[in-house]
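Reading the structure
What follows is each chain in one-letter form.
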Amino acid sequence: MKMTPLEGWLRGKVSGHRDGTLDEQIARYQLRKLSETVAYVREKSPFYRDLFSGIDSESTFDFKSFSQLPFTTANDLREQGGRMLCTSQDEIKRVVTLQSSGTTGQPKRIYFTAEDLEATVDFFAHGMATLVAPGATVLIFLPGELRDSVGDLLARALVRTKVNPVVWGPVRDPAAARAEIMKHPRPCLVGIPTQMLALARGDLAGAIPRGWVESVLLSTDYVPEAIERELEQLWGCRVLTHYGMTETGLGGGVECQAGEGYHLREADLYTEIIDPGTGLTVADGEEGEVVFTTISRRGMPLVRYRTGDLARLIKEPCPCGTVLKRLGRVQGRIAAEVALKDGRRLRMNELDEALFAIPGVLDYRAEIEVRVGRDQLRLCFQTVKGEEEQVARKARSALLSQDATRVLWRDKVLALGSITFCPTGWPGTGVAKRQILDRRGIDLSQRASSCSAVITALRI
Ligand SMILES: [Zn+2]
């Protein structure tokens, strides 16, 4: 098995720290970069100056003292983003605005300088070598129209490594996207998980023969395993996943050929896992919230940024033979959990694993509401035409038999309500993060659910 190309990339970055093993060199490199980042943000940003005002800048700086610094959050980005900026506006090359779904509050704005964007291109160029060699073609089904958008940065990275990029953008017309795929023998596809699944499963599924696609890279903060497995089966190709978000500088970590966890972008990010309740670092290998610090960012560095993603660092060495760390599969997001009675919870990823495994499912929406004094789960599916009935039947039985959800019905914590279908539509572009809609505080007679609207329209 080929070792992750990120090891060679990192070796080049830490070459000034020659003594000791590679992991010792990486640790020394990261500690130096963390210390420089903290000094830099204290000097340049009013937000961080206030945040760290009680902290003695002369005291010893080590990983332990770093882990006692306060966190930053998505709310800080929304409310104080401008004060987190460390350069003049003139030096900012790109601003990414993220409007959270369902909230009317301020959007998050993340600012990047030309150097920040170059660091991302450099990471993409090395990370993609896991999947493609010079001469290959990569079809990019991510937003790429704008200069310096994720698709554009990825395309530039590929050109650098003599790979041919085709920037298509998120799929809005599945037939056109399939036709494009069929123009390129053995392509690598990079896309949003639900969209790639729908391309493989949709009404024209036969249009892409098994064996045509060489590999798929699914890119987002969280990828359901069921989607990965299904794509591997339908297309008979390798599917790897990339972990990242705008805050990490778009790129965050990428699986190696072992497909067992993300090798992280350690030259630019320092990652910690904390207990989301206490804020303390968890023991090695335990699950918790992913917290990262950008250690090479100039425009808007993030120090101890809480991602809301749940995952663990894997202690065991990777089968690919690298010494690099691995982040385990993201097990969902704290914001995508719904609290039920008796301290029980329902996680979006538990629904995803059960429901995306059902043939014919393209996407779905989940809502929790109160009916007759009890929490009830409603599901609205997008399916392949004609598959509605079997999807409803299998969804019910999957949720009633899967370990994670079975106990919720058994203990009468949650009831399974109606299952409906959206007659039209195509899986979203992944701009809004998928989550269970919590409608328990809403007067049902006033409800304006887009799902019910669609179904009412169908009845008319
Ligand atoms: Zn590996």
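Treat the numbers as computed from the prediction; the structure is a model and nothing was measured.

Here's the deal with the overall build of the protein chain
- Looking only at helices and strands, the protein chain has 14 helices and 20 strands in total.
- Relative to its length of 460 residues, the protein chain is compact, with a C-alpha radius of gyration of 23 Å against a globular reference of 23 Å.
- Considered along the principal axes of its C-alpha atoms, the protein chain spans approximately 70 × 55 × 45 Å.
- Taken across its 460 residues, the protein chain has 54% of its residues classed as buried.
- Of all intrachain contacts in the protein chain linking residues separated by at least 6 positions in sequence, the fraction that spans at least 24 positions is 66%.
- Carbon together with sulfur atoms contributes 51% to the accessible area of the protein chain, which is approximately 20,000 Å² in total.
- Across the protein chain, 61 positive and 59 negative side-chain charges occur, with their mean positions spaced 3 Å apart.

A closer look at the sheet that holds strand 20 (residues 437–438)
- Pairing in this open sheet of four strands is mixed, and the strands run 19-18-17-20 from one edge to the other. Two strands close off the open sheet at either side, each with one partner strand: strand 19 (415–421) and strand 20.
- Each of strand 17 (361–371) and strand 18 (374–383) touches helix 11 (residues 348–355); the most contacted strand, strand 17, lies at about 135 degrees to it.

So, the pairing of strand 10 (residues 269–274)
- Burial within strand 10 is extensive, with six of its six residues counted as buried.
- Here strand 10 shows no split at all, with Leu 269, Thr 271 and Ile 273 on one side and Tyr 270, Glu 272 and Ile 274 on the other all buried.
- When strand 10 meets strand 11 (residues 288–294), the two strands line up antiparallel, connected through six bridges. Each residue of the ladder has a partner; that of Leu 269, found in strand 11, is Thr 294.

Concerning helix 9 (residues 193–201)
- When you tally the buried positions in helix 9, you get nine out of nine residues, the bulk of the element.
- Pro 193, Thr 194, Gln 195, Met 196, Leu 197, Ala 198, Leu 199, Ala 200 and Arg 201 are the residues of helix 9 that are buried.

Focus on the sheet that holds strand 12 (residues 305–311)
- Reading across from one edge, 10-11-12 is the order of the three strands in this open sheet, with antiparallel pairing throughout. In this open sheet, the two edge strands, each paired with only one partner strand, are strand 10 and strand 12. When strand polarity is set aside, the average angle formed by the axes of neighbouring strands in this sheet is 30 degrees.
- As judged from the four bridges shared by strand 11 and strand 12, these two strands associate in the antiparallel manner. Bridging from a neighbouring strand, Val 291 pairs with Arg 306 of strand 12.

Side note on the pattern of salt bridges
- The tally for this structure, following the rule as stated, stands at 34 salt bridges.
- Among the salt bridges present, the one from Lys 13 reaches Asp 122, with a minimum N-O distance of 3.1 Å. One end of the pair, Lys 13, is in helix 1 (residues 5–13); the other, Asp 122, is in helix 6 (residues 114–127), and 109 residues separate them in sequence.

Things to note about the side chain of Asp 152
- With respect to the helices, strands and loops of the structure, Asp 152 is situated in helix 7 (residues 150–160).
- Residue class for Asp 152 comes out buried when judged on its relative accessible area of 16%.
- Beyond its immediate stretch of four places on either side in the chain, Asp 152 contacts Pro 143, Gly 144, Leu 146 and Arg 147.

Some words on the coordination of the zinc ion
- Of the protein atoms, only Cys 256 (SG), His 263 (NE2), Cys 318 (SG) and Cys 320 (SG) coordinate the zinc ion, at distances of 2.1 to 2.4 Å.
- What the four donor atoms of the zinc ion show is an angle range of 105 to 115 degrees at the metal, which sorts the shape as tetrahedral.
- If you list the donors of the zinc ion from N- to C-terminus, the spacing comes out as C-x6-H-x54-C-x1-C. You can see Cys 256 sitting in the loop between strand 8 (253–255) and strand 9 (262–264) and its partner Cys 320 sitting in the loop between strand 13 (313–314) and strand 14 (326–327), a full 64 residues away along the chain. When sorted by exposure, Cys 256 lands in the same class as Cys 320, which is buried.

Regarding the nonpolar core
- Tyr 48, Met 128, Val 132, Val 138, Leu 158, Val 190 and Leu 327 are the most contacted members of the largest nonpolar core, which totals 72 residues.
- Per element, the largest residue contribution to this core is seven residues, and it comes from helix 2 (residues 22–44).
- There are two domains that each give this core at least three residues, and those are domain 1 (1–114 + 256–324) and domain 2 (131–254).
- Apart from the residues within four sequence positions on either side, Val 190 is in contact with Met 128, Val 138, Leu 139, Ile 140, Phe 141, Leu 142, Leu 154 and Leu 217.

Considering the domain arrangement of the protein chain
- Each domain of the protein chain was delimited in the assignment, giving domain 1 (1–114 + 256–324), domain 2 (131–254) and domain 3 (335–459).
- Taken residue by residue, the interface counts 19 residues in domain 2 and 21 residues in domain 3.
- Summing both sides of the interface, domain 2 and domain 3 together bury roughly 1,600 Å²; the carbon and sulfur share of this comes to 59%.
- Applying the counting criterion to the domain 2 and domain 3 interface returns zero salt bridges.
- Counting residues per element, the side of domain 2 that touches domain 3 draws most heavily on helix 9, which supplies six residues.
- Residue composition of the side of domain 2 that touches domain 3, grouped by class: eleven nonpolar, three polar and five charged.

The rules we used
- Residues numbered from 1 in each chain as written.
- Predicted model: local features only at pLDDT ≥ 70, side-chain atom pairs only at ≥ 80, totals over all residues.
- Heavy atoms only, no water.
- Helix = DSSP H or I, 4+ residues; strand = E, 2+ residues; numbered from the N terminus.
- Rg over C-alpha atoms; globule rule 2.2 N^0.38 Å.
- Buried < 20%, exposed > 50% of the residue type's maximum accessible area, 1.4 Å probe, protein only.
- Contact = heavy atoms within 4.5 Å.
- Areas by Shrake-Rupley, 256 points an atom, 1.4 Å probe, with all protein chains shown as cover.
- Lys, Arg positive; Asp, Glu negative; His and termini not counted.
- Charge placed at Lys NZ, Arg CZ, Asp CG, Glu CD.
- Pairing = 2+ DSSP bridges.
- Axes fitted to C-alpha atoms, helices over the stretch in contact; angles between N-to-C directions.
- Salt bridge = Lys/Arg side-chain N within 4 Å of Asp/Glu carboxyl O.
- Donors = N, O, S within 2.8 Å, 3.2 Å for Na, K, Ca; no water.
- Tetrahedral: all angles 85-135°; square planar, octahedral: opposite > 155°, others 65-115°.
- Core = buried A, V, L, I, M, F, W, Y, C linked by side-chain atoms within 4.5 Å.
- Domains from an automatic or database assignment.
- Buried area = accessible area lost by both parts, 1.4 Å probe.
- Nonpolar A, V, L, I, M, F, W, Y, C, P; charged D, E, K, R; others polar.

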